[in-house]
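# Per-entry structural report
The primary structure of each chain is shown beneath.
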Amino acid sequence: MPTNLPPEAQAKWEEYSKAKTPEEKLQKLREFYALIPKHKGTEKMEKFIKRRMAELREEIERRKARKKSKGPTLFVEKRGAAQLALVGYTNSGRSTILASLTNARVEVSPNPFTTLRPVEGMMEFKGTQIQVVETPPLIQGGQGGPSNLAIAIAGNADVLGLVVNALEDPSSQIDELIGLLESRGISLERPSGRVRIRRSRAAPTIIIVNKGKILDGTERDIRKLLSSYGIDRAWVEIEGKVTLEDVEEAVFGEKKYKPFIVFITRTDLLETTSVIEEIEQKYGDKAVMIIPFPRGLPSKDEIGEAIIRELGLIRVFTKSRNEKKPSDRAVILSRGSTVLDLAGIIHQSFRERFRYAKVWSDRLPYSPMKVGPDFILEDLDIVEIVTR
Ligand SMILES: Nc1nc2c(ncn2[C@@H]2O[C@H](COP(=O)(O)OP(=O)(O)OP(=O)(O)O)[C@@H](O)[C@H]2O)c(=O)[nH]1
Ligand SMILES: [Mg+2]
């Protein structure tokens, strides 16, 4: 709870809430921070403010980078079904991983700080591609231009690849990387729930759309908490299991969660596999995959599929009536999409003139099977849409 803030701090908070540009917001937040009393009761708020300030700094950095580069050299436009950003300390082996997953031309070198600008490549696998981006090296503490850029790219990516050197206490490296990203508003821990606060004058009051569960309070507590931050008109959406702390955090911006893959490089130089086992023990449940490189590198199909599944995406191949084979390129849809959703994505007229579809898949009692518009598609389905 924001514990009885002095009036000047409250006034500053109001100014912050009204600020438009990230620069202005950062400035107001700094001033607000200077005005709040620092004690046990404000610790959490301090934490959130620092995180929000870090996020704003990244946003400013990202905008600057985009302006400066006028092209894809610094800020990396997304392509393909998803973007995987490789992050790690210098020499951890990011370029080595990028080169083994894609055809990107990238310099692998024993010298530190070889890759100071992002480099991208496309990882091809069944039906689609994933864009892999090597970010500039992070340095301990995370300060400095290259590190800031790496964090900005990480915050924009769909999945992170933490690249660690097996010979340099990789388990602690992972902890440090996670800690560093966490301090910059990027969480690698799967949230049990989600709170979204949309402030709007159009809202008559605080409207709580509760599709989940508040673990340690009531909707009344949420209203009280928000009004102590001067929020009296907003839509608050709750999904899954959340705490009042999550609500308070959401006041300062939604936390970004990123699933992650761990790449442990130089495992060929290890004498025993005990560090790999330690990492599997510690992060096995949290990471999408733990990959000991080079020998334990799974196929691109396996890596790609794991990412797609994690992000709740599916690949669907379309077929036209007069062709024997389906398309090589899949349409990427979110899990739960129907045949009619697919039709709409192909072309609006397909949706309007939809009659039925034929679906080929081993999971069906017979294949092809004739299905209606509400049929829910799954990964790797082949679909022929029949129109009027
Ligand atoms: N033996 C072995 N050497 C590796 C492995 N991975 C990386 N290396 C070597 O480690 C050095 C650094 O690898 P890079 O891929 O350039 O590292 P990076 O993280 O891109 O480094 P910077 O871009 O300079 O920050 C190179 O000499 C690589 O050949 C591995 O799995 N086994
Ligand atoms: Mg490199």
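On a predicted model such as this, the values are computed, not experimentally measured, just so you know.

The next subject is the packing of aromatic side chains. Applying the stated rule across the entire model yields six aromatic pairs. Summarising the aromatic geometry, the rings of Trp-13 and Tyr-229 are spaced 5.4 Å apart at their centres and angled 50° between planes, so their arrangement reads as tilted. Within this pair, whereas Trp-13 is found in helix α1 (residues 7–18), its partner Tyr-229 is found in the loop between α7 (219–228) and β9 (234–242), the two being separated by 216 residues in sequence. The exposure class assigned to Trp-13 is buried, which follows from its relative accessible area of 4%. Their ring planes at 90° and their centres at 5.6 Å tell us that Tyr-229 and Phe-252 sit as a pair that is edge-to-face. Remark: Phe-252 occurs in the loop between α8 (244–251) and β10 (256–257) and Tyr-229 occurs in the loop between α7 and β9; sequence separation between them is 23 residues. In this structure Tyr-229 comes out as buried when scored by relative accessible area, which is 2%. By relative accessible area, which is 1% here, Phe-252 ends up buried.

This part covers the environment of Ala-85. By the element assignment, Ala-85 lies in strand β1 (residues 82–87). Given the relative accessible area of 0%, Ala-85 is considered buried. Expressed as a C-alpha distance, the spacing of Ala-85 and Ala-330, which sit 245 residues apart in the sequence, is 22 Å.

With that settled, the discussion passes to the pattern of salt bridges. Using the criterion set out here, one finds 25 salt bridges in the structure. Here Arg-51 and Glu-55 are joined by a salt bridge, their closest N and O atoms 3.8 Å apart. Of this pair, Arg-51 and Glu-55 both sit in helix α3 (residues 43–69), four residues apart, which is roughly one turn of that helix. As far as the burial class goes, Arg-51 and Glu-55 line up, both buried. Residues Arg-363 and Asp-381 are paired through a salt bridge, measuring 2.3 Å at the closest nitrogen-oxygen approach. Residue Arg-363 is found in the loop between β15 (354–360) and β16 (369–371), and its partner Asp-381 is found in strand β17 (residues 381–387); the two are separated by 18 residues along the sequence. Assessed through its relative accessible area of 34%, Arg-363 is described here as partly exposed.

Quick look at the site of ligand 1 now. Every one of the 23 residues lining ligand 1 counts as a neighbour, but Thr-90, Arg-94, Thr-96, Thr-114 and Arg-266 are closest to it. Taking Ser-92, its main chain carries an N or O atom lying 3.2 Å from an oxygen atom of ligand 1. Within the backbone of Pro-110, a nitrogen or oxygen atom sits 3.4 Å from an oxygen atom of ligand 1. Protein coverage of the free-state accessible area of ligand 1, which is 650 Å², stands at 85%. Its residues assigned to classes, the shell around ligand 1 comprises eight nonpolar, 11 polar and four charged.

Around a metal, the perfect tetrahedron of four donors has angles of 109.5 degrees, and the perfect octahedron of six donors has angles of 90 or 180 degrees. Distances from the magnesium ion (ligand 2) to its protein donors, Ser-95 (OG), Thr-115 (OG1) and Glu-134 (OE), fall at 2.1 to 2.3 Å. Site description for the magnesium ion (ligand 2): donor spacing in sequence, S-x19-T-x18-E. In this pair, Thr-115 is assigned in the loop between α4 (94–101) and β2 (119–125) and Glu-134 in strand β3 (residues 128–134), connecting sequence segments 19 residues apart. The pair Thr-115 / Glu-134 is uniform in exposure class, with both members buried.

Let us look at α4. All of the buried residues in α4 are Arg-94, Ser-95, Ile-97, Leu-98 and Leu-101. Taken down its axis, α4 places every buried residue within 160° of arc, on the same side. On the buried face of α4, the contacting elements are β1, β2, β3, β4 (159–165), β11 (260–265) and α10 (300–310).

Time to look at the side chain of Thr-128. Note on placement: Thr-128 falls in strand β3. Ignoring any residue separated from it by four or fewer positions in sequence, one finds Thr-128 in contact with Ala-81, Met-123, Ile-308, Arg-315, Arg-329 and Ile-332.

Taken domain by domain, the protein chain holds domain 1 (82–190 + 257–310), domain 2 (192–254) and domain 3 (313–387). Using C-alpha coordinates to define each centre, domain 1 is positioned 34 Å away from domain 2.

Time to look at helix α6 (residues 170–183). The terminal C-alpha atoms of α6, which comprises 14 residues, lie 20 Å apart, in line with the 20 Å expected from a rise of 1.5 Å per residue. When we look at burial in α6, the residues that qualify are Pro-170, Ser-171, Gln-173, Ile-174, Leu-177, Ile-178, Leu-180 and Leu-181. Elements in contact with the buried residues of α6: β1, α5 (145–156), β4, β5 (186–187), β11 and α9 (274–283). Two residues or fewer after α6 comes Gly-185, characterised by a positive phi angle close to 85°.

Before going further, it helps to examine the nonpolar core. One finds Phe-32, Ile-49 and Leu-226 to be the most contacted residues of the largest nonpolar core, which totals 34 residues. Listing elements by their share of this core, those giving two or more residues are α1, α2 (22–35), α3, β6 (193–199), β7 (206–210), α7, β9 and α8. The element best represented in this core is α3, accounting for six residues. Beyond its immediate sequence surroundings of up to four residues, Phe-32 is in contact with Leu-5, Ala-9, Lys-12, Trp-13, Met-45 and Ile-49. One finds Val-133, Leu-149, Ile-153 and Ile-174 within the second-largest nonpolar core, a separate group that totals 32 residues.

What counts and how
Residues numbered from 1 in each chain as written. Chains lettered and ligands numbered in written order. Predicted model: local features only at pLDDT ≥ 70, side-chain atom pairs only at ≥ 80, totals over all residues. Heavy atoms only, no water. Phe/Tyr/Trp six-rings, centres within 6.5 Å; stacked < 30°, edge-to-face > 60°. Helix = DSSP H or I, 4+ residues; strand = E, 2+ residues; numbered from the N terminus. Buried < 20%, exposed > 50% of the residue type's maximum accessible area, 1.4 Å probe, protein only. Salt bridge = Lys/Arg side-chain N within 4 Å of Asp/Glu carboxyl O. Near = heavy atom within 4 Å. Polar contact = N/O pair within 3.5 Å; in protein donor to acceptor, adjacent residues only side chain to side chain. Areas by Shrake-Rupley, 256 points an atom, 1.4 Å probe, with all protein chains shown as cover. Nonpolar A, V, L, I, M, F, W, Y, C, P; charged D, E, K, R; others polar. Donors = N, O, S within 2.8 Å, 3.2 Å for Na, K, Ca; no water. Arc of directions from axis to C-beta. Contact = heavy atoms within 4.5 Å. Domains from an automatic or database assignment. Expected span 1.5 Å × (residues − 1). Core = buried A, V, L, I, M, F, W, Y, C linked by side-chain atoms within 4.5 Å.

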